[in-house]
Amino acid sequence: MTIKPILPSAILLIACSFTAMPASSQDRMGRLGTLPHGFYVCSLPGDAGGAAWIDLPDKNFTISNASTYRNAEGAGTYLLTGKRVTFTGGPLKGMRFDRTGKSKLQWIANDGKPGRIRCVRRGGSG
């Protein structure tokens, strides 16, 4: 049969299409994961004349189980693929972050560029 020689070519074509993706696509389409459990405090940078950080209590959340979070308004779900965190349900639905460290997140604005809000984990489950 002539099908056998085509199979290795098809596998090679599929493999090449994944390795040719830009780094940003690979980050968004990376492995599924979960965030470390704990309370995440979100804030904006301050200025030289005042506080170093301005807390945003309405953005704070707690990761406590698998891909779920909770904040003052209720509970929801998130998806971590590669370095991209997307809140998929609940009060923070639609918010996107890039993971910039084990316990640090940088908000992604609607235009796809990094925003000024950052969220940092402050301890274990709670």
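Our structure is the block above this text.
Everything in this summary refers to the structure shown in the same document.

Here's the deal with the packing of aromatic side chains
Here the distance between the centres and the angle between the planes together describe a pair of aromatic rings. Counting across every chain of the model gives 6 aromatic pairs. Ring geometry for Tyr69 against Phe87: centres 4.7 Å apart, planes inclined by 90 degrees, an arrangement best described as edge-to-face. Separated by 18 residues along the polypeptide, Tyr69 in strand 5 (residues 68–71) and Phe87 in strand 7 (residues 84–87) bring together distant segments of the chain. Note on accessibility: Tyr69 and Phe87 belong to one class, buried. Each member of the aromatic cluster is reached from another via a ring pair, and the members are Tyr40, Phe61, Tyr69, Tyr78, Phe87 and Phe97. In this structure, Arg118 is placed above the aromatic ring of Trp53, and the distance from its NZ or CZ to the ring centre is 3.6 Å.

Overview of the environment of Arg122
Mapped onto the fold, Arg122 is located in the segment after strand 10 (114–121). Between the alpha carbons of Arg122 and Val41 there is a distance of 6.8 Å; along the sequence they are 81 residues apart. Leaving out residues up to four positions away in the same chain, Arg122 has contacts with Phe39 and Val41.

A word on the state of the cysteines
According to the stated counting rule, one finds 1 disulfide in the structure shown. One disulfide bridge connects Cys42 with Cys119, the sulfur atoms lying 2.0 Å from each other. Between Cys42 and Cys119 the disulfide shows an S-S torsion of about 105 degrees. By sign, it is right-handed. Residue Cys42 is located in strand 2 (residues 38–45), and its partner Cys119 is located in strand 10; the two are separated by 77 residues in the primary sequence. Note on Cys119: relative accessible area 0%, which makes it buried.

Side note on the environment of Lys93
Mapped onto the secondary structure, Lys93 falls in the loop between strand 7 and strand 8 (96–101). Distance from Lys93 to Tyr78, taken between C-alpha atoms, is 8.2 Å for residues 15 residues apart in sequence. Those residues in contact with Lys93 that sit more than four places away from it in its chain are Tyr69, Phe87 and Thr88.

A short note on the nonpolar core
Counting 17 residues, the largest nonpolar core has Leu35, Phe61, Val85, Phe87 and Leu105 as the members making the most contacts within it. Going through the elements one at a time, strand 2, strand 4 (61–65), strand 6 (74–81), strand 7 and strand 10 are the ones with two or more residues in this core. Beyond its immediate chain neighbours, meaning those up to four positions away, Phe87 contacts Phe61, Tyr69, Thr77, Tyr78, Leu92, Lys93, Gly94, Met95 and Phe97.

Considerations on the pattern of salt bridges
Tallied over the entire structure, the rule returns 2 salt bridges. Residue Lys59 pairs with Asp58 through a salt bridge whose shortest N-O separation is 3.8 Å.

Definitions and limits used
Residues numbered from 1 in each chain as written. Predicted model: local features only at pLDDT ≥ 70, side-chain atom pairs only at ≥ 80, totals over all residues. Heavy atoms only, no water. Phe/Tyr/Trp six-rings, centres within 6.5 Å; stacked < 30°, edge-to-face > 60°. Helix = DSSP H or I, 4+ residues; strand = E, 2+ residues; numbered from the N terminus. Buried < 20%, exposed > 50% of the residue type's maximum accessible area, 1.4 Å probe, protein only. Lys NZ or Arg CZ within 6 Å of the ring centre and 35° of its normal. Contact = heavy atoms within 4.5 Å. Disulfide = S-S within 2.5 Å. Core = buried A, V, L, I, M, F, W, Y, C linked by side-chain atoms within 4.5 Å. Salt bridge = Lys/Arg side-chain N within 4 Å of Asp/Glu carboxyl O.

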